[in-house]
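A structural walkthrough
Take a look at the letters that make up each chain.
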Amino acid sequence: MSRLTVMRWQKPLVSPLLAALAVLGCVILPLMGYHLAFLFFALFTMLVLGVPIAISLAGACLMFVLITGQVPNIVVAHRMINGIDSFPLLAIPFFIFAGSLMNNGGITERIFNFAKALMGWMRGGLGHVNVGASIVFSGMSGAAVADAGGLGMIEVKAMKDAGYDEEFAVGITAASSTIGPIIPPSLPMVIYGVMASASVGQLFAAGLVPGLLMGAMLMLMIFIISRRRGYQRDAVFSMRVLGHTFKRAFLSLMTPVIIVGGIISGAFTPTEAAVAAVFYALLLGVVVYRTLTWRKLLKVSMETIETTAVILFIVSSASIFAWILTSNQVTQNVIALMGPFADSKLAVLMMANIVLIIVGCFMETIAAITILVPVLLPMAVAVGVDPVHFGVIMVLNLMIGLLTPPVGMVLYVLSRVSNVSFERCMRGTMPFLIPLVVCLLLVTFIPAISMWLPTLIYR
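The notes below deal with the structure included here. (Residues numbered from 1 in each chain as written. Predicted model: local features only at pLDDT ≥ 70, side-chain atom pairs only at ≥ 80, totals over all residues. Heavy atoms only, no water.)

Turning next to the nonpolar core. Within the largest apolar cluster, 136 residues are counted, with the highest numbers of intra-cluster contacts made by Ile-191, Tyr-192, Phe-390, Met-394 and Phe-432. Residue contributions to this core reach at least three from each of two domains, namely domain 1 (15-72) and domain 2 (88-307). If we skip the residues at most four places from it in the chain, Met-394 touches Tyr-192, Leu-356, Ile-369, Leu-372, Val-373 and Leu-376. The next biggest cluster of nonpolar side chains, apart from the first, holds five residues, and it includes Phe-114, Ala-117, Ala-249 and Leu-253. (Core = buried A, V, L, I, M, F, W, Y, C linked by side-chain atoms within 4.5 Å. Buried < 20%, exposed > 50% of the residue type's maximum accessible area, 1.4 Å probe, protein only. Domains from an automatic or database assignment. Contact = heavy atoms within 4.5 Å.)

Written out as structure tokens, the structure is:
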């Protein structure tokens, strides 16, 4: 996984004049006694000035504590430590490490070749192969950026070589990569489970059916576009080729079976599944395929350390923010402001979807989860929404956000690996937002889609 952009110092998102007004507001609000308003204003000001999200969160919270004097300053450090003192969070570095090992160990190419033999005979074949390969790989990495950066390079090149339009190739690659954090394992689900005190195992189980539904909806859109543009089949179905590619990819295909099957069967916890995934990826890359060298292992290890540090810094900083919101009863005040709509499950879910879609356009997934869970989850629970169901809704919303500017992290990754401009990547992705939004609405208003499997297994 490449370096996360959330820890780089960004260019200011606004004009110097607006930035100056934001800074002025941060000075006036505490003088007028509007301390909570100052907290949000300070966070917004630092974000638009280009300050990394983790530093923005921690800085705004520290200034709030200093100005109000409600608690000793040392509480900030204590809350940051407590925020990452969680066993499920250990799954994060191991899943990141496992995904990187698979990308660098030749596993992704074997998966793609098998998917091509299995699905390439359909109209618009490589588009369907793209989705199928992403579904398989999603059971290994748990991160959309890992899918886009690993499989994306192979998929886009293969589709361009076969005569597909560049925008179409990049668009379906970007859209299919969002399946990764929905089908277990999932890094955003782990973060949500920690923030919401929800079962990570149940969240993993709840994402399986919606993830497959996303794949089916994307394949339907591929079929429609392929008929309109005249895309043909890319391979003739052959049992011999299918058998050969299956044999080469069999051990790779066992990775999601080990991870997901082990969690669902209760053989090990999600954290233990992450460790098992690392050992299995090392076994394949070093012993079986012999594609992982010491240089690659060192590179992957350093990338994992860097990415994990960034994620945990965000989580620890956001834990202070969440504690301030909770201790100042922000959620209760928001519910009171909603008035009659606060008792309507439909209204609360629609409002949550709108907020999450907008936030997802501007904020990285993990940061958005850690900030919004303390605000939105109590409102959802108050109207009878299961926390596990709401977790799937939240992650699916934020995955759509990965495909939308100005942040659009998946688009930036694919633009870099495919040498296609960001604007063309965005244009190619637009048609595939339709099936993803339809899938989001189905998952939101038909809870059984996400809750059937965890109810069957855990309750």
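The next subject is unusual backbone geometry. At the junction of Pro-184 and Pro-185, the peptide bond is cis and its omega measures out at 0 degrees in the coordinates. By the secondary structure assignment, Pro-185 is in the loop between α9 (166-177) and α10 (187-196). Of note in the backbone geometry, Ser-197 takes a positive phi value of approximately 55 degrees without being a glycine. With respect to the element layout, Ser-197 can be found in the loop between α10 and α11 (200-229). By relative accessible area, Ser-197 is classed as exposed at 70%. Even without being glycine, Arg-290 reaches a positive phi, approximately 55 degrees. Along the polypeptide, Arg-290 turns up in the loop between α13 (270-288) and α14 (294-327). (Helix = DSSP H or I, 4+ residues; strand = E, 2+ residues; numbered from the N terminus.)

Right, let's get into the side chain of Ser-317. Tracing the sequence through the fold places Ser-317 in helix α14. One polar contact links the side chain of Ser-317 to the main-chain carbonyl oxygen of Phe-313, over a distance of 2.9 Å. If we skip the residues at most four places from it in the chain, Ser-317 touches Ala-54, Leu-57, Ala-58 and Met-80. (Polar contact = N/O pair within 3.5 Å; in protein donor to acceptor, adjacent residues only side chain to side chain.)

Below, the discussion takes up the environment of Val-437. By the element assignment, Val-437 lies in helix α20 (residues 422-445). Counting along the chain gives 37 residues from Val-437 to Ile-400, while the straight-line C-alpha distance between them is 7.9 Å.

Now for the pattern of salt bridges. By the definition in use, this model includes four salt bridges. Note that Arg-427 is salt-bridged to Glu-167, the shortest N-O span being 2.8 Å. Taken together, the positions of Arg-427 in helix α20 and Glu-167 in helix α9 put the pair 260 residues apart, joining distant regions of the chain. Judged by its relative accessible area of 49%, Arg-427 is partly exposed. The buried category is assigned to Glu-167, whose relative accessible area is 18%. The residue Lys-299 makes a salt bridge to Glu-303 at a minimum N-O spacing of 3.1 Å. Of the two residues, Lys-299 and Glu-303 both sit in helix α14, four residues apart, roughly one turn of that helix. (Salt bridge = Lys/Arg side-chain N within 4 Å of Asp/Glu carboxyl O.)

In this structure the tally under the stated criterion is five aromatic pairs. Taking the centre distance of 5.6 Å and the plane angle of 65 degrees together, the rings of Phe-246 and Phe-250 count as edge-to-face. One end of the pair, Phe-246, and the other, Phe-250, are both in helix α12 (residues 239-265), four residues apart, so they sit about a helical turn from each other. Of note, Arg-110 hangs over the ring of Tyr-289, and the distance from its end group to the ring centre comes to 3.7 Å. (Phe/Tyr/Trp six-rings, centres within 6.5 Å; stacked < 30°, edge-to-face > 60°. Lys NZ or Arg CZ within 6 Å of the ring centre and 35° of its normal.)

Attention now goes to a nonpolar patch on the surface. A cluster of nonpolar side chains, contributed by Leu-346, Met-350, Ile-354, Ile-358, Phe-362, Ile-434, Val-437, Val-438, Leu-441, Leu-442, Phe-445 and Ile-446, occupies part of the molecular surface with about 1000 Å² of accessible area. Elements supplying a minimum of two residues to the nonpolar patch: α16 (345-362) and α20. A per-element tally of the nonpolar patch places α20 first, with six residues. Take Leu-441: its relative accessible area is 39%, and that puts it in the partly exposed class. (Patch = residues over 30% accessible without salt bridge, like charges linked within 9 Å, V, L, I, M, F, W, Y side chains within 5 Å. Areas by Shrake-Rupley, 256 points an atom, 1.4 Å probe, with all protein chains shown as cover.)

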